[in-house]
Amino acid sequence: MPPDPNRIVELPTRLIHAPIITVEQHLLREQRRFAGVSGEFSWLVSGITLATKLIQAKVRRAGLSDILGAAGIINVQGEVQQKLDIYANEMMVHSLSARDSVAMLASEENEHPLLAHGGSPNAKYIVVFDPLDGSSNIDVCGSVGTTFSILRRASERLDSAVMADEVLQRGCKQVAAGYVVYGPSTMLVYSAGNGVHGFTLDPAVGAYVLSHPDIRMPEHGKYYSMNEAYLERSPGAYRRYVARLHRGELGRRYASRYIGSMIADFHRTLLIGGVFLYPPNDQHPQGKLRLLYEANPIAFIAEHAGGSASDGHRRILDIQPESIHQRTPLVVGGREEMKAFEAEMAADSAT
Ligand code: AHG
Ligand code: MN
Ligand code: MN
């Protein structure tokens, strides 16, 4: 019998109630919730998801292709660039500059901001990123990552060409921020100000699928994460704080975990709690990490997950940047760890 052309049937309920949510669907849902977050925003973020898929594919084959090791170039930070640093930067610049809502890009690997569609009034956004964080881990098959921070141009400046100093915005102005960690799996964690959400890349289909909705940082954890080799050369408050963690004065004895890849160290801290520290020391009196594209996105994620981030004196997100590659000390963690850290810093400033 031929099929009845007038018949239509219900969708199976199991397909409605257990949906696979991709990051693109999630963003569309987010932007419906917020006025001012338009379709071009999710198109912009798709530039980041495309670039990070290309980067992860290269990272996964790093031991097989001629991509391991130093490129023989020193970047603007005076650090040796790895070949993958350069590749990752090119993928981010390539994918994002194709989005006409992007006025300007700023990267750890470029001394100056890069002009994208800076003369167009439709180009509302500025994207700042560290294309490959923890790159010294690549040659030993350790986890690395990409951070990103999305800023909006001031509406009164949209009619004029974008200026380099428009990137110097406090972290609290970020429209969205996040990171991708290239670990045993590839995971994207982002917030657009409405919770923190994690997506795991399904490599078989090439989609970031919601795996960790509404991540909350535990109020406390059991690990602290820092390069302890520098501790003796850091201010006394940091040394006293770490001694308190060792002695169990916060209610539990802490163990240490440190990879030397900020995103991977922070990702663990976000999911299972604890504290990550990169204090100032005599070699790096302003700390080592960069405010705009390392500390700010991490602080934004931490705060939206119920934690906090400080430079020892101020909330990271309140710091007014003065230059694009500015460094800052960074301490980020759960509520209990941060309360104890701030008390230790306050004890120093009271004397
Ligand atoms: P990058 O690879 O982008 O230069 O960043 C490396 C950073 C960060 O990921 C990590 O937390 C820190 O360097 C490690 O520094 P130490 O080796 O001084 O511990
Ligand atoms: Mn980095
Ligand atoms: Mn980097």
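Please refer to the structure higher up on the page.
Note that the structure is a prediction, hence the values are computed from the model and not measured. (Residues numbered from 1 in each chain as written. Chains lettered and ligands numbered in written order. Predicted model: local features only at pLDDT ≥ 70, side-chain atom pairs only at ≥ 80, totals over all residues. Heavy atoms only, no water.)

### Looking at the packing of helix α6 (residues 262-272) against helix α7 (residues 291-304)
Packed helices, taken two at a time, are described by their axes: the angle between them and the distance between them.
Here is step 1 of the chain: Orientation of α6 relative to α7, taken along the N-to-C sense of each, is 10°, at an axis distance of 11 Å. On the basis of the axis angle, α6 is roughly parallel to α7. Only Glu294, Ile298, Ile301 and Ala302 of α7 make contact with α6, whose side of the interface consists of Met262, Phe266 and Leu270.
Here is step 2 of the chain: For the contact of α6 with α7, the residue count by class is six nonpolar, no polar and one charged. (Axes fitted to C-alpha atoms, helices over the stretch in contact; angles between N-to-C directions. Helix = DSSP H or I, 4+ residues; strand = E, 2+ residues; numbered from the N terminus. Parallel < 35°, antiparallel > 145°, perpendicular 65-115°, else oblique. Contact = heavy atoms within 4.5 Å. Nonpolar A, V, L, I, M, F, W, Y, C, P; charged D, E, K, R; others polar.)

### Considerations on the coordination of the manganese ion (ligand 2)
Here is step 1 of the chain: Surrounding the manganese ion (ligand 2) are the protein donor atoms Asp130 (OD), Asp133 (OD) and Glu294 (OE), at 1.8 to 2.2 Å.
Here is step 2 of the chain: The sequence motif formed by the donor residues of the manganese ion (ligand 2) is D-x2-D-x160-E.
Here is step 3 of the chain: Separating the manganese ion (ligand 2) from the manganese ion (ligand 3) is a distance of 3.6 Å, and Asp130 supplies a donor atom to each of them. Of this pair, Asp133 sits in strand β5 (residues 125-133) while Glu294 sits in helix α7; the two residues are 161 residues apart in sequence, bridging distant segments of the chain.
Here is step 4 of the chain: Owing to a relative accessible area of 5%, Asp133 belongs among the buried residues under this scheme. (Donors = N, O, S within 2.8 Å, 3.2 Å for Na, K, Ca; no water. Buried < 20%, exposed > 50% of the residue type's maximum accessible area, 1.4 Å probe, protein only.)

### Regarding the site of ligand 1
Here is step 1 of the chain: Inspection of the region around ligand 1 gives 18 residues, with Asp133, Gly134, Asn227, Tyr258 and Tyr278 positioned closest.
Here is step 2 of the chain: Between ligand 1 and the protein, one listed contact pairs an oxygen atom with a backbone N or O atom of Ser135 at 3.0 Å.
Here is step 3 of the chain: At three residues, β5 tops the list of elements feeding residues into the shell around ligand 1.
Here is step 4 of the chain: Of the residues contributing to the shell around ligand 1, the split by class is six nonpolar, five polar and seven charged.
Here is step 5 of the chain: The two domains that each donate at least three residues to the shell around ligand 1 are domain 1 (19-212) and domain 2 (223-350). (Near = heavy atom within 4 Å. Polar contact = N/O pair within 3.5 Å; in protein donor to acceptor, adjacent residues only side chain to side chain. Domains from an automatic or database assignment.)

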